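A closer look at the structure
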Amino acid sequence: MLFNSVEFLLFFPATVLGFFLIPKKLKTVWLLAASYYFYMCWNVRHAVLIAVSTAVSWAGGLLMGKPADDGRRLGRKLVLAACCMVNMGILFFYKYFDFALDNLNVLFQKAGMPLLDKPFDVLLPAGLSFFTFQAVGYLIDVYRGDTEPEKNILSYALFVSFFPQLVAGPIERSKNLLGQVRRIPQMGFRQLFDYERIAGGLILMLWGYFQKMVIADRIAVLSDTVFDSWYFYGAVELVLAVAAFSIQIYCDFASYSVIAQGAARVMGFSLMENFNTPYFSGSMREFWRRWHISLGTWFRDYLYIPLGGSRCGRLRRYLNTMIIFAASGLWHGAAWHYVAWGTLHGLFQVIGAQTEAFRKKLAEQAGMDRSSFSFRLGQIAVTYLLTLFTLVFFRAGSLSQAFGCIRKIFTEPDPWVLTDGTLYTLGLEMAQLHVLCAALAVLLSVSIIRYWKQETLDVFLGRQGTWFRWLVIAGLFSGIFLFGMYGPEYDASQFIYFQF
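Anyway, here's the lowdown on the structure attached to this text. Because the structure is predicted, anything quoted here is derived from the model rather than measured.

What about the nonpolar core?
Phe8, Phe12, Phe19, Leu31, Phe162, Met267 and Phe269 are the most contacted members of the largest nonpolar core, which totals 133 residues. Sorting elements by how many residues they give to this core places helix α11 (residues 235-266) first, with 17 residues. Once residues lying within four places of it in the same chain are set aside, the contact partners of Phe162 are Leu31, Ser35, Leu177, Ala264, Met267, Phe269 and Leu271.

Some details on the packing of helix α10 (residues 195-228) against helix α18 (residues 430-453)
Running from N to C, α10 and α18 point in directions that differ by 135°, and their axes come no closer than 10 Å. The angle between the axes of α10 and α18 places the two elements in the oblique class. The two elements α10 and α18 cross, and the hand of that crossing is left-handed. Judged by residue contacts, Trp207, Phe210, Gln211, Val214, Ile215, Arg218, Ile219 and Leu222 of α10 engage Gln432, Leu433, Val435, Leu436, Ala439, Leu440, Val442, Leu443 and Val446 from α18.

Some thoughts on the layout of surface pockets
Within this model, the largest pocket holds a volume of roughly 1,400 Å³. Lining the largest pocket are 40 residues, and of these Ser283, Met284, Arg285, Glu286 and Gln349 lie nearest its centre. Those elements giving two or more residues to the lining of the largest pocket turn out to be α12 (284-290), α13 (293-304), α14 (314-332), α15 (336-365) and α16 (373-395). It is α15 that provides the largest number of residues to the lining of the largest pocket, a total of eleven residues. Its residues assigned to classes, the lining of the largest pocket comprises 18 nonpolar, 13 polar and nine charged.

Focus: the pattern of salt bridges
Scanning the model with the defined rule gives twelve salt bridges in all. Between Glu412 and Arg407 there is a salt bridge, and its shortest N-O distance comes to 4.0 Å. Of the residues examined, Glu412 reaches a relative accessible area of 30% and is grouped as partly exposed. Note on Arg407: relative accessible area 47%, which makes it partly exposed. The network of salt bridges with shared partners includes Arg173, Arg300 and Asp301.

Quick notes on the environment of Gly352
Position of Gly352 relative to the elements: it lies in helix α15. Since its relative accessible area comes to 21%, Gly352 is described here as partly exposed. With 143 residues separating them in the primary sequence, Gly352 and Tyr209 have C-alpha atoms 36 Å apart.

About the thresholds
Residues numbered from 1 in each chain as written. Predicted model: local features only at pLDDT ≥ 70, side-chain atom pairs only at ≥ 80, totals over all residues. Heavy atoms only, no water. Core = buried A, V, L, I, M, F, W, Y, C linked by side-chain atoms within 4.5 Å. Buried < 20%, exposed > 50% of the residue type's maximum accessible area, 1.4 Å probe, protein only. Helix = DSSP H or I, 4+ residues; strand = E, 2+ residues; numbered from the N terminus. Contact = heavy atoms within 4.5 Å. Axes fitted to C-alpha atoms, helices over the stretch in contact; angles between N-to-C directions. Parallel < 35°, antiparallel > 145°, perpendicular 65-115°, else oblique. Left-handed = near helix turned anticlockwise from the far one by under 90°. 1 Å grid on protein atoms, 1.4 Å probe; cavity = no way out; pocket = protein on both sides within 12 Å on 5 of 7 lines; lining within 4 Å. Points joined across faces, edges and corners; volume = space filled by probe spheres on them. Nonpolar A, V, L, I, M, F, W, Y, C, P; charged D, E, K, R; others polar. Salt bridge = Lys/Arg side-chain N within 4 Å of Asp/Glu carboxyl O.

As structure tokens, this is what we get:
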């Protein structure tokens, strides 16, 4: 069930209304049933995977209990390891088994050994990486004593399967979402029906739909047209396609997170922020503090810090950085071009850290004011260009295609396409391009406000007059209705991160 489907537009109001009106004792059961129904609309059998992950991690949390003395530490470690292995084993089988087998066959072929057959042909369950990481994070939190083991299996099951963020995040922490789930039996109608909170949640949902249906799905036409036949195009078209994809993936993924935040807020829940104007970052390190925040902080807390984090020597610290970013790339997809994307991000961070003192000294000698707007703008431009370079590997279907695109970008300049009408042959007609440009202007304006004010759209609008808020709501609704990509002849586009 897609957020941008008619089914969801019927499912969500019914779920909210039921949650508001049914007795307090049944509210958890109602939301849990709604969440499982939401997921089973994708694939009924895959709901078993959530149930298994839930049961194993819930039981593991109870077995570990509170932090113990040295006499019980080994047993708690064994429980943690076993439960994490079950969850990560599910993830490996469905997402990485074929990838591992293909790479083993490459090695066997070079060694002249018989190749292995693929015994399984499995479909990757939607959101598998998200709910398994959420369950593993809970187990580690319990082991560390950061959160109390949840005794109520229904509350814990809802924490794992909460439908707004189930399929594409954000990857929630037990200290945030589980604590809110525990308070559900205390939520009466008066506590739940808060006009300002509900209005703020609906505004967030509208903004997410605008990003997805007006911008992401429209600009995807341009990006897909070029990348699907990349060998026919020159440098300018390929650069435009990569830039278009950078906007597409941002609006696509951020829109899901924003809709999830808005839907949760309507029901009285608060989800963590997942994006904070990432393309206004002044370094690759800052970029990852603003992009997919829930995943970045997950790798930081549960992989980077246990590896030693920044407390070890320089070489070990750089190695840790490379490991988590290579793992981040592999998390996004079982293919080497995703690993290359993640590794490049890690490499750019290592280079940035290693050259930071030199760059600072060079700027001082050149008389540059590092706090000036122009210097910051230059940093943002360089960071965005580096991000575009890495996105070639992310969007390409393989390493060979990525290197082929890069070669054409640097060896086949064709600036004349900017004036000869070629841009209107890349999938979007003139009227569609004009709509896209207007929508991008709205996106840029909101992003600038978000960057300078450091507050979300609903918070910003909450401080404005009622007439202004209704004007924005009417504008977003009209934009979605008039210019959104939908209708009987339109195949509703899945969100990009569903495949991860």
